Amino acid sequence: MPARVRTAVIPAAGLGTRFLPATKAQPKEMLAVLDKPAIQYVVEEAAAAGIDDVLLVTSRGKHAIEDHFDRMPELEAVLERKGKTEALDQVVALAELVKVHSVRQAEARGLGHAVSMAADHVGDAPFAVLLPDDLMVDDSTLLRHMLAAHAEHGGSVVALAEVPRQNISAYGCPRVEEVDGSLVRITEIVEKPAPDDAPSSLAVTGRYVLTPGVFEALARVEPGQGGEIQLTDALELLSETEPVFGWVFSEGRYDVGTPLDHLRASIALALDRPDLGPELGAFLADLVRRRDLR
Ligand code: G1P
């Protein structure tokens, strides 16, 4: 039986160039989706799946992320004095949700390189990788399913979603064999193939459960797509010596690193909130009607 997965590695060193100017002086992971920074959803998702240790891979200018998950005595004192108990409970609970550590990625050498920075912290245990651009709002069952598949079958498990073939060159893309229901076995995987060369229309999305063998594979891969060390290339190597599975899912993913999906996620989440949904729904319906009349 494989060891329990306790650590989630969250690569958060990127510059956020798809979301300028909002991300010029502010980490993209801290952009609020509705009323929470994007990265908080991801940490909450990890905690809900039983993970209690988070390693952030950061870079210069990302202190706000670490501060967000830390205690903040001045703020807590003010909230206490003002009797804002609910807000106080929220900020304290957030700092106690998981243990947060960080490591710096000094140079932007790719996702694979970012993950390799976690080797010392993770040691000889399986771990999860959660990319904070991908928000999974569908009650976080995805990661739990992936962890259960890892517990049952061992090996690594990668989240996969069907995308239109013309979009596949933004993603890692596997060739797969069916195993059981949503679980498939990856027999080949390539980073950002041209649509005509893609082995399938399944895209690797931002959730991975990995065995520590991936660190050895990462140490062996040469720079790939974009001159960067690619996690996908390490998975291809890893699949030669141990099983790499995919978990195919379809619902609830937003790429909040882009303005459009960020807006979609905020709207979808707000519509589901009893305190905001009805008014926002009426506003949107009215807006759409008026625009159509023009
Ligand atoms: C990264 C991975 C890619 C994966 C994608 C998911 O690419 O390299 O394999 O499909 O995340 O979002 P990036 O989006 O960093 O270019």
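Regarding empty space enclosed by the protein
Right, so step 1: The full count for this structure, using the stated rule, is 1 cavity of 30 Å³ or more.
Right, so step 2: By volume, the largest cavity amounts to about 50 Å³.
Right, so step 3: Around the largest cavity, the lining residues are Phe 19, Lys 28, Glu 29, Leu 31, Ala 38, Pro 132, Asp 133, Val 256 and Gly 257.
Right, so step 4: Here the residues of the lining of the largest cavity are counted per class, giving 5 nonpolar, 1 polar and 3 charged.

Here's the deal with the pairing of strand S4 (residues 53-58)
Right, so step 1: The element S4 is largely enclosed, with a buried count of 6 among its 6 residues.
Right, so step 2: In terms of strand pairing, strand S1 (residues 7-11) meets S4 through 5 bridges, oriented parallel. Its bridge partner lying in S4, Val 9 is registered against Leu 55.
Right, so step 3: Relative to strand S5 (residues 99-104), S4 runs parallel, the two being bridged by 6 bridges.

A look at the site of the ligand
Right, so step 1: Neighbouring residues of the ligand: Leu 111, Leu 131, Asp 134, Tyr 171, Gly 172, Glu 191, Lys 192, Val 204, Gln 230 and Thr 232.
Right, so step 2: In the environment of the ligand, an oxygen atom lies 2.6 Å from a nitrogen or oxygen atom belonging to the side chain of Glu 191.
Right, so step 3: Protein contacts shield 74% of the accessible area of the ligand, which totals 380 Å² for the unbound molecule.
Right, so step 4: With respect to the pocket detection grid, the ligand is positioned in the largest pocket.

The rules behind the values
Residues numbered from 1 in each chain as written. Predicted model: local features only at pLDDT ≥ 70, side-chain atom pairs only at ≥ 80, totals over all residues. Heavy atoms only, no water. 1 Å grid on protein atoms, 1.4 Å probe; cavity = no way out; pocket = protein on both sides within 12 Å on 5 of 7 lines; lining within 4 Å. Points joined across faces, edges and corners; volume = space filled by probe spheres on them. Nonpolar A, V, L, I, M, F, W, Y, C, P; charged D, E, K, R; others polar. Buried < 20%, exposed > 50% of the residue type's maximum accessible area, 1.4 Å probe, protein only. Helix = DSSP H or I, 4+ residues; strand = E, 2+ residues; numbered from the N terminus. Pairing = 2+ DSSP bridges. Near = heavy atom within 4 Å. Polar contact = N/O pair within 3.5 Å; in protein donor to acceptor, adjacent residues only side chain to side chain. Areas by Shrake-Rupley, 256 points an atom, 1.4 Å probe, with all protein chains shown as cover. Sits in = over half its atoms within 2 Å of the grid points.

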